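This is what each chain is made of:
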Amino acid sequence: MNLPIKTKLIVDIVNVGHGDCTIITWENGIGKEPWHCIIDSGDGKSETVKILDEVISERKIKKFDLAILSHFDTDHIGGFTYISRKIKILKYWSPYTPAFENYLWLFGQRGKEAIERAKALEDLLAMEKVIMESPVDGCSVSPCHGLKLSIISPPIKLYEKLLDGTNIEEIFNDYPTFLGDLINSDNYFYDEENVRSKIRGLYSRVVSGVIKRDLLKEADEKSSESINIDRTKINKAQVCQKGKIEPDFFGNNILNDTSLVLKIEVWTGTKWYSLLFPGDLENWLYLVAKHPYTLKSDFYKATHHGGRVYIGKNEAQDELVQTIRPDIAVISANGRHKLPRNKTRNSLIRWSSTVFCTQKRSCEYFSIDGSIPMEKDCCADIYNCKPAGDRTSFELEQNKIVANSQSCQGRHSAQVYPIIQFEQHLIPDSKVLTLLSEGEIEQHAKWVVKKLNEIHLERIAKLDFFGSRPIEAREIYDRALQESRLLTMSQLHQVFEYGFSKNKFWAASDGYRWNNWDYAYKKPTLADLKFIWKVIQSYDIFVL
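Residues numbered from 1 in each chain as written. Predicted model: local features only at pLDDT ≥ 70, side-chain atom pairs only at ≥ 80, totals over all residues. Heavy atoms only, no water.

*Asks:* I tried to follow helix α20 (residues 526-537) on my own but got confused; where do I start?
*Replies:* Since the α-helix packs 3.6 residues into each turn, any two residues three or four apart lie on the same face. The terminal C-alpha atoms of α20, which comprises 12 residues, lie 16 Å apart, in line with the 16 Å expected from a rise of 1.5 Å per residue. Counting buried positions over the 12 residues of α20 gives 0, only a small fraction of the element. (Helix = DSSP H or I, 4+ residues; strand = E, 2+ residues; numbered from the N terminus. Expected span 1.5 Å × (residues − 1). Buried < 20%, exposed > 50% of the residue type's maximum accessible area, 1.4 Å probe, protein only.)

*Asks:* Help me out: how do you make sense of the sheet that holds strand β9 (residues 139-141) in this one?
*Replies:* Think of a sheet as strands paired side by side through backbone hydrogen bonds, with each pair either parallel or antiparallel. With mixed pairing, the 7 strands of this open sheet are ordered in space as β9-β10-β13-β14-β15-β18-β19. Each end of this open sheet is capped by a strand with a single partner; those strands are β9 and β19 (354-357). Across the sheet, the axes of successive neighbouring strands diverge by a mean angle of 15°, strand direction being ignored. Looking at chain direction, strand β18 (residues 328-331) and β19 are connected through 4 bridges and run parallel. Bridging from a neighbouring strand, Ala329 pairs with Val355 of β19. (Pairing = 2+ DSSP bridges. Axes fitted to C-alpha atoms, helices over the stretch in contact; angles between N-to-C directions.)

*Asks:* What's the story with the sheet that holds strand β7 (residues 91-93) in this structure? I'm lost.
*Replies:* Ordered in space as β11-β12-β8-β7-β5-β3-β2-β1-β22-β23, the 10 strands form an open sheet in which the pairing is mixed. Strand pairing shows two members of the sheet lacking a second neighbour, β11 (206-207) and β23 (400-403), which therefore form its edges. Of the pairings in the sheet, the one linking β7 to strand β8 (residues 131-135) comprises 3 bridges and is parallel in character. Across the sheet, Lys91 pairs through a bridge with Ile131, a residue of β8.

*Asks:* I'm lost on the environment of Val136 in this one. Help?
*Replies:* With respect to the helices, strands and loops of the structure, Val136 is situated in the loop between β8 and β9. Take Val136: its relative accessible area is 2%, and that puts it in the buried class. For the pair Val136 and Val206, spaced 70 residues apart in sequence, the C-alpha to C-alpha distance is 9.4 Å. When residues no more than four places from it in sequence are discounted, the contact partners of Val136 are Ile151, Pro154, Ile156, Tyr159, Gly209 and Ile211. (Contact = heavy atoms within 4.5 Å.)

*Asks:* Please explain the packing of aromatic side chains as it appears in this structure.
*Replies:* When we look at a pair of aromatic rings, we describe it by the centre distance and by the angle of the planes. Applying the stated criterion across every chain, the model contains 14 aromatic pairs. When the ring of Phe496 is compared with that of Phe505, the centres are 6.0 Å apart and the planes differ by 70°; the resulting orientation is edge-to-face. Both residues of the pair, Phe496 and Phe505, belong to the buried class. Each residue in the set Phe72, Tyr96, Phe100 and Tyr159 is aromatic and connected to the rest through ring pairs, giving one cluster. For the cation-ring pair, Lys148 lies above Trp272, with the distance from its terminal atom to the ring centre recorded as 4.5 Å. Positioned over the ring face of Tyr383 is Arg361, at 5.9 Å from the centre of the ring. (Phe/Tyr/Trp six-rings, centres within 6.5 Å; stacked < 30°, edge-to-face > 60°. Lys NZ or Arg CZ within 6 Å of the ring centre and 35° of its normal.)

This is the structure in structure tokens:
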């Protein structure tokens, strides 16, 4: 009789104030030693390091199999120097440092210090012979049984753009970060003579979505060429004023938007449980366009300490939470920089997430009319929040999750809450939401075009020269089921309408219910039209 393997996942969200530090312990029931990972390390101050020490000691961590720096910011990188001197690190992941080195003069003081810290840390890790890598979208590894790690952002094309330096003002002059040209950028690098040596070096070290770091070769590539930038084209003052950014933070959105977005999946013995760690990512345009289905996660470490998020130019908190739909969301913040935002908290609650925070409410706040208080941007100000302890821990075993602290707001919980009036929250019409829906419909429309072409060719093969009737939605729907494409009939009608409006194919209703769009057919190609015209000309027909 085979007994089920007993697994345990422990997630420690360490309270490092305004910053991030997560320690993950995975026991797969097979290996003798647990797998340990640390994601970010706080700001490195003495009180933070003390708390880190306590967690490391309690979990009996002798080594970190993987240390991850999500992005270059002082409140994420500060503790790694201490950790690397205290505990053995086997592998280190971070963004690709050479992509940012040429812009030290351009970043605000905060960003400049973070990049310099990252370089110093890499030199230290190189002396310790730590394996250093920069994973990009497409990286997927399984370091041990029952565990999968995937990086779904940033795309390598973003590093290429930074290394090239051409039209770099497009990135630095925009807030939120300009990412639109990356979405449709499916072209790959080719070994051409006019490509910069740094870009050539970047691609020469890429293996299965992972850039293998080589500090010596990177230094040689840096010294062999320089990027000439017209500094007059970058208006730092205007960008700071428009985005309400302090000068010391100029360019931080670019560092945030090159955050390693990590998806962790663990096999609990009965199902795969997923966790999403997006660093401080602000602009989710690339991810929503490229990985809309991958984003769905059971556990979500809220991005940017509960700050603003964008899809393109539009603020899109509800749309993002609706896409991820986490059962558990954790926010790491302490009220600094007015974070977490009340809108973030309310959005998570609105979409039925259980919300945990590294702070704890000191008071309850109710409006007389029963509405949720919105007059303050930061929920820490509304609820007079205080530090909640040294960490918030979650232990996942098979079908249960145990948390060591109360949630800020629970979807389902045994704890006792004060009497609260629940209200239905209606999400107003949103251009961003419409855009997202169109993005999904666009993918289905491309598939429909492919199916219509297939059916047309099948009919030609059968020598059916006496006409080709319109293709019914039911036939397309049946093919969708065969290919495990999840589409309801009403959704397919919506795709038909969209495809017709975008001139992708012909479509029509059944004549009785206009919104049903029950028929479709492929558009004729130029060759088809020439053939039709040739046939018409061969007959004695007067054509207007």
